[in-house]
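# Topology and contacts: notes
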Amino acid sequence: MASAAAASPSLSLNPTSHFQHQTSLVTWLKPPPSSALFRRKTLPFFERHSLPISASSSSSSSSTSLSVHEKPISNSVHFHGNLIESFENQDSSYAGTIKGARLIEELENPVERNGLSGRRRLFMQDPPWISALFLKGLSKMVDQTLKIERKDIDKRKFDSLRRRQVKEETEAWERMVDEYRDLEKEMCEKNLAPNLPYVKHMFLGWFQPLKDVIEREQKLQKNKSKKVRAAYAPHIELLPADKMAVIVMHKMMGLVMSGHEDGCIQVVQAAVSIGIAIEQEVRIHNFLKRTRKNNAGDSQEELKEKQLLRKRVNSLIRRKRIIDALKVVKSEGTKPWGRATQAKLGSRLLELLIEAAYVQPPLTQSGDSIPEFRPAFRHRFKTVTKYPGSKLVRRYGVIECDSLLLAGLDKSAKHMLIPYVPMLVPPKRWKGYDKGGYLFLPSYIMRTHGSKKQQDALKDISHKTAHRVFEALDTLGNTKWRVNRNILDVVERLWADGGNIAGLVNREDVPIPEKPSSEDPEELQSWKWSARKANKINRERHSLRCDVELKLSVARKMKDEEGFYYPHNLDFRGRAYPMHPHLNHLSSDLCRGTLEFAEGRPLGKSGLHWLKIHLANLYAGGVEKLSHDARLAFVENHLDDIMDSAENPIHGKRWWLKAEDPFQCLAACVILTQALKSPSPYSVISHLPIHQDGSCNGLQHYAALGRDSFEAAAVNLVAGEKPADVYSEISRRVHEIMKKDSSKDPESNPTAALAKILITQVDRKLVKQTVMTSVYGVTYVGAREQIKRRLEEKGVITDERMLFAAACYSAKVTLAALGEIFEAARAIMSWLGDCAKIIASDNHPVRWITPLGLPVVQPYCRSERHLIRTSLQVLALQREGNTVDVRKQRTAFPPNFVHSLDGTHMMMTAVACREAGLNFAGVHDSYWTHACDVDTMNRILREKFVELYNTPILEDLLQSFQESYPNLVFPPVPKRGDFDLKEVLKSQYFFN
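Cut-off values and rules
Residues numbered from 1 in each chain as written. Predicted model: local features only at pLDDT ≥ 70, side-chain atom pairs only at ≥ 80, totals over all residues. Heavy atoms only, no water. Helix = DSSP H or I, 4+ residues; strand = E, 2+ residues; numbered from the N terminus. Buried < 20%, exposed > 50% of the residue type's maximum accessible area, 1.4 Å probe, protein only. Contact = heavy atoms within 4.5 Å. Areas by Shrake-Rupley, 256 points an atom, 1.4 Å probe, with all protein chains shown as cover. Pairing = 2+ DSSP bridges. Core = buried A, V, L, I, M, F, W, Y, C linked by side-chain atoms within 4.5 Å. Phe/Tyr/Trp six-rings, centres within 6.5 Å; stacked < 30°, edge-to-face > 60°. Salt bridge = Lys/Arg side-chain N within 4 Å of Asp/Glu carboxyl O. Arc of directions from axis to C-beta. Patch = residues over 30% accessible without salt bridge, like charges linked within 9 Å, V, L, I, M, F, W, Y side chains within 5 Å. Lys, Arg positive; Asp, Glu negative; His and termini not counted. Charge placed at Lys NZ, Arg CZ, Asp CG, Glu CD. Axes fitted to C-alpha atoms, helices over the stretch in contact; angles between N-to-C directions. Expected span 1.5 Å × (residues − 1). Bend = angle between axes of the 7 residues up to and from the residue. Parallel < 35°, antiparallel > 145°, perpendicular 65-115°, else oblique. Nonpolar A, V, L, I, M, F, W, Y, C, P; charged D, E, K, R; others polar. pLDDT = per-residue confidence, 0-100. Left-handed = near helix turned anticlockwise from the far one by under 90°.

## What about the overall build of the protein?
Within the protein, the secondary structure is distributed over 34 helices and 26 strands. Of all 992 residues assigned to the protein, the portion counted as buried reaches 48%. Considering only residue pairs separated by 6 or more positions, the protein has 72% of its internal contacts joining residues 24 or more positions apart. Just so you have it, the protein exposes about 49400 Å², and 52% of that area is on carbon and sulfur atoms.

## Some thoughts on the pairing of strand 26 (residues 926-929)
Neither face of strand 26 is open: one carries Ser-926 and Trp-928, the other Tyr-927 and Thr-929, and all of them are buried. Pairing analysis gives four bridges linking strand 20 (residues 690-693) to strand 26, with the strands arranged antiparallel. Paired with Ile-690 across the two strands is Thr-929, which belongs to strand 26. Remark: two residues form the turn of the hairpin made by strand 25 (residues 921-923) and strand 26, two consecutive strands paired antiparallel; His-924 in that turn has positive phi of roughly 60°.

## Details of the nonpolar core
Counting 110 residues, the largest nonpolar core has Leu-717, Ile-730 and Phe-822 as its most contacted members. No other element matches helix 32 (residues 886-915), which puts 11 residues into this core. Ignoring sequence-local partners within four residues, the contact set of Leu-717 consists of Gln-700, Ala-703, Ala-704, Ala-712, Phe-945, Phe-979, Glu-983, Val-984, Ser-987 and Phe-990. Membership of the second largest hydrophobic core comes to 62 residues, among which are Leu-424, Tyr-566, Cys-591 and Leu-618.

## Let's talk about the packing of aromatic side chains
Counted by the stated rule, this structure contains 21 aromatic pairs. Here Phe-572 and Tyr-860 contribute two aromatic rings whose centre-to-centre distance is 6.2 Å and whose plane-to-plane angle is 85°, an arrangement assigned as edge-to-face. Of the two residues, Phe-572 is situated in the loop between strand 15 (568-571) and strand 16 (576-578) and Tyr-860 in the loop between strand 22 (855-857) and strand 23 (864-869); the sequence distance between them amounts to 288 residues. Note on Phe-572: relative accessible area 13%, which makes it buried.

## Here we look at the pattern of salt bridges
Any two side chains of opposite charge can pair, so long as their charged atoms come close to each other. For the structure on display, the rule yields 45 salt bridges. With a closest N to O distance of 2.8 Å, Asp-159 and Arg-162 form a salt bridge. You can see Asp-159 and its partner Arg-162 sitting in helix 5 (residues 128-170), three residues apart, about one turn around the helix. For Asp-159, a relative accessible area of 10% gives the class buried.

## Overview of the sheet that holds strand 16
Spatially, the three strands line up as an open sheet ordered 12-15-16, and their pairing is mixed. The open sheet has two edge strands, strand 12 (446-447) and strand 16, and neither has a second partner. With three bridges joining them, strand 15 and strand 16 adopt antiparallel strand pairing. Bridge pairing in strand 16 places Leu-570 opposite Ala-576.

## Quick look at the environment of Ile-821
As for its position among the elements, Ile-821 is in helix 30 (residues 800-821). Taking relative accessible area as the criterion, Ile-821 reaches 14% and is therefore assigned buried. In this structure, the C-alpha to C-alpha distance between Ile-821 and Arg-733, residues 88 residues apart in sequence, is 9.0 Å.

## Section: helix 21 (residues 628-637)
Every α-helix winds through 3.6 residues per turn, so residues three or four apart in the chain are directed the same way. Taken together, the buried positions of helix 21 are His-628, Arg-631, Leu-632, Phe-634 and Val-635. Down the axis, helix 21 shows its buried residues gathered within 155° of arc, on one side only. The outward face of helix 21, more than 90 degrees from its buried face, is lined by the exposed residues Asp-629 and Asn-637.

## Considerations on a positive patch on the surface
Positive charge collects at one region of the surface, where Lys-837, Arg-862, Arg-887, Lys-888 and Arg-890 lie side by side. With three residues, the single largest contributor to the positive patch is helix 32. Along the chain, Lys-837 falls in helix 31 (residues 823-841). The exposure class assigned to Lys-837 is partly exposed, which follows from its relative accessible area of 43%.

## Quick word on unusual backbone geometry
One non-glycine residue, Asn-500, lies in positive phi territory at about 60°. Positionally, Asn-500 belongs in the loop between helix 17 (485-496) and helix 18 (521-558).

## Some details on the sheet that holds strand 20
Neighbouring strands of a sheet are bound in pairs by backbone hydrogen bonds; such pairs are parallel or else antiparallel. Strand order in the open sheet formed by three strands is 20-26-25, with antiparallel pairing between adjacent strands. For this open sheet the edge positions go to strand 20 and strand 25, each flanked by a neighbour on one side alone. Strand-to-strand twist in this sheet, taken as the mean axis angle between neighbours without regard to direction, amounts to 25°.

## Some details on helix 16 (residues 463-477)
End to end, helix 16 covers just 18 Å across 15 residues, shorter than the expected 21 Å (1.5 Å per residue, more than 12% under). If you look at helix 16, its biggest bend is around 35°, right at Val-469. For helix 16, the complete set of buried residues consists of Ala-466, Val-469, Phe-470, Ala-472, Leu-473, Asp-474, Thr-475, Leu-476 and Gly-477. In this structure, the buried residues of helix 16 make contact with strand 10 (428-432), strand 14 (564-565), strand 15, strand 16, helix 32 and strand 25.

## Describing the pairing of strand 23
Bridge count between strand 23 and strand 24 (residues 874-879): six bridges; the pairing is antiparallel. Looking across to strand 24, one finds that Glu-864 is bridged to Arg-879. Counted between consecutive antiparallel strands, the loop separating strand 23 from strand 24 contains four residues.

## A short note on the packing of helix 31 against helix 34 (residues 953-964)
Between two packed helices, both the angle of their axes relative to each other and the distance between the axes serve to describe the pair. Here helix 31 crosses helix 34 at 10°, and the two axes come no closer than 12 Å. Relative to helix 34, helix 31 is oriented roughly parallel. Across the interface between the two elements, Ile-828, Trp-831, Leu-832, Cys-835 and Ile-839 from helix 31 touch Leu-954, Leu-957, Leu-958 and Phe-961 from helix 34. Here the contact of helix 31 with helix 34 is built from residues that sort into nine nonpolar, no polar and no charged.

## Concerning the confidence of the model for the protein
Here the protein shows a mean pLDDT of 78. Residues at 70 or above account for 74%. Segment residues 1-119 is flagged for pLDDT under 50; beyond a separation of four residues in sequence, or across chains, it makes 153 contacts in the model.

## Quick notes on the side chain of His-924
Tracing the sequence through the fold places His-924 in the loop between strand 25 and strand 26. On the basis of relative accessible area, His-924 is assigned to the buried category, the value being 15%. When near neighbours in sequence (up to four residues on either side) are disregarded, His-924 contacts Arg-575, Ala-576, Tyr-577, Leu-586, Asp-902 and Met-906.

## Quick look at the side chain of His-585
Structurally, His-585 is set in the loop between strand 16 and helix 19 (589-594). Leaving out residues up to four positions away in the same chain, His-585 has contacts with Trp-481, Tyr-566, His-568, Pro-578, Arg-592, Leu-595, Ala-921, Gly-922, Val-923 and Trp-928.

## Some words on the packing of helix 16 against helix 32
Where helix 16 meets helix 32, the axes come as close as 9 Å, and the angle between the chain directions of the two elements is 65°. Considering the relative orientation of helix 16 and helix 32, their crossing is left-handed. Mapping the contact onto sequence places Arg-468, Val-469, Glu-471, Ala-472, Thr-475 and Leu-476 in helix 16 and Met-906, Met-907, Ala-910, Val-911, Arg-914 and Glu-915 in helix 32. By residue class, the composition of the contact of helix 16 with helix 32 is seven nonpolar, one polar and four charged.

## Quick word on the environment of Pro-516
Mapped onto the elements of the fold, Pro-516 is located in the loop between helix 17 and helix 18. Placed 10 residues apart in sequence, Pro-516 and Ser-526 show a C-alpha to C-alpha distance of 9.8 Å. Once you skip the residues sitting within four places of it in the chain, Pro-516 turns out to touch Glu-523, Leu-524 and Trp-527.

So, in structure tokens, the structure goes:
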């Protein structure tokens, strides 16, 4: 053997000419000592295929015959992948081996390795379980290393995103200032205006003049003595003039885009909005000023203080202690300004904008003539009547925009600054009234709209009391989203082609009819109606176009992000909303179709089932009211249309455009097509949120409160073969009433003629919105307007007067039909209204605590006028008075109370879904999760509904009223029915 080894550095032994070692069998009966394991780890590793071993054994034999294919030890050790692969393949290499240890002879090259001359060595090959032990230890070590590496990468990535988020919140206005400075510099250097979008072109022209007049005003006020200085003087000096100019321009144009009426913005609205924006930026500016580089005039003591502060802030940012960083901002000691201060400063800045901002008509004059410039804004007073034909008039100040400024403005909305964009990192956890949400931007847990009573109730609440509310908002805020680029591309193409498709507004205005030349009064009156209607449509289109542009601008900005988050807060009733106002999942079909979960999950068998049902629901048109099996059959029958929609959405058959929610339907078509074309449909990764919606959810809550079996069955609290449709039930009853009225004599009954016209137009869609909002306190006027819009869409009645009369009649009949069918719900609504009237009549606002511990105070008080004299005009600010509005307190309490209950149910479900490992998003009575998790969410939301209504909600409410107002007498709680709430657990169409 020695000579053979010496003659050949790489010796290969064939199975036919092998040598045998006769040796006593060594058997490991227990794990070897740690020293043996240590020695085992130091042995050289072979690739498994280089050691083919043939063995034969007998249970009675005490010897082993081994065939060894020998190879010199490799010059390198295969780490990580090869090593793990070697061990993973180890089990198969032991086929046919004897129990116990095997003796292997290894021949090395006669070259020095590790200081030892080449020689033949023998070592023991461990049994499989020894290698398994070693693999387990090694695998743990590798996993720990990878985890540490991943954690380190994730931390660096998170820190980078957090820094970007902080900059986004604190330096937005400053970046805008720098942009205008750069544009000005470019314009001066090249002696021409850069090719800019319309609105930015205007801003560039206004920037320097507005900055100059603000600087002038700052110097003027600074040089005055304290006795003669204006009230706004201390605040106008708090920001650099250039930053203040940019804020004023953007805020004013933002108001013009979002809600002007005939090109006018109310002075009080504009002044307060600008004042609020300036105050917010002053706080951030002061913080940044203190933490930036030292100024030349700073004393040694100030320099030292700034240096320490910078170190502290940097340390806080590194350690993710954003709350402590916020405390540094608050330690500036700046007190809230108040509405009066905001209005005075805003009014003066508006006055300066009017002075500095001009527009120039297109140059149609000869080259020698002087170009025409005219003010972009004018201040005037507008007089309006309270009602058409009323003698009561109201006069208020407005800022009127020039027609040139309004022209084409909707196309430039995407260039406006949007401060509250979605966050790149999870929001701060909520811990109090103003503790949570955005990192630096002002964030409040509730939208109180200035109600001091509600603010005080929230500020007094302890974390222990409301921790479940905080936890639910944190859960909603931690859901990670991303932009669905496929759908965004389709939207962009349709929008570029002029819109007016898939729910997108038409990008063109309707023509205004020309005034007739004749003096015929009827013809003139008809022209006035037509012109007024055309102007109204154009104003609505302008507003909708701006809205689409703002949504798309956010989508474009976020489309390349891996993911983003929406901080949530509450309205005063306890319903959750994203704080970002434009592109969010509570908004239109455009937004919902463009958004999806950032995390993807495999569809699975149940997920594919729910994806098909979801697509049918989005197509709607009555399909959503069929049984689940019928909806699945609908999808199967339209698979060709679905695949064509996914693969060729613009130039194909465009089946998806027939859907009620087209962009969401298209998103579902895309993922379903991917799954059906995949060889493994269940393993396809889906990011699509699947919706489960309540069936007229307000009435579901009333049915649970009243335990009425008939009403419970009508709104799917009871299992059925197909979903019950309350809207169809109401429309049938409305049809019966109208049919009866149509047979009456038109002379004695004026509604008979209307009934004959309407009887063919009554359907589910006509009454749906009124039924849906009836439990939320819709009034007769509100119902009339809802039904009028539906009748306008049908286009059968074109005469305005006839349309109005038909809407009035239909609203009365619909509300009457509702009262007949839902008696128990009406009884509870009446009881809630009576309790509210008793409390409000004693000059107290209605208060209650939701089942999750959230205090709610109805904010309806008679407002008091507070006159503020500003440099522009006297402003009448509205503020909360001390006298409650009894009528509003009474009519609003039933819907507000039910809203607080549906908000409670959603938050309970959100927390339970998070604990179950689900991604969850909620839109009031519509709950969303991944397709594969729908079954789990369905179980949870039913359990939480039953848990909520197993508590004596109305009895607890009455007891709280009696304890809070012991001198008042309240009526008893309405009697309950005998409906068993556990039936909800078995109802598949409760949410579907």
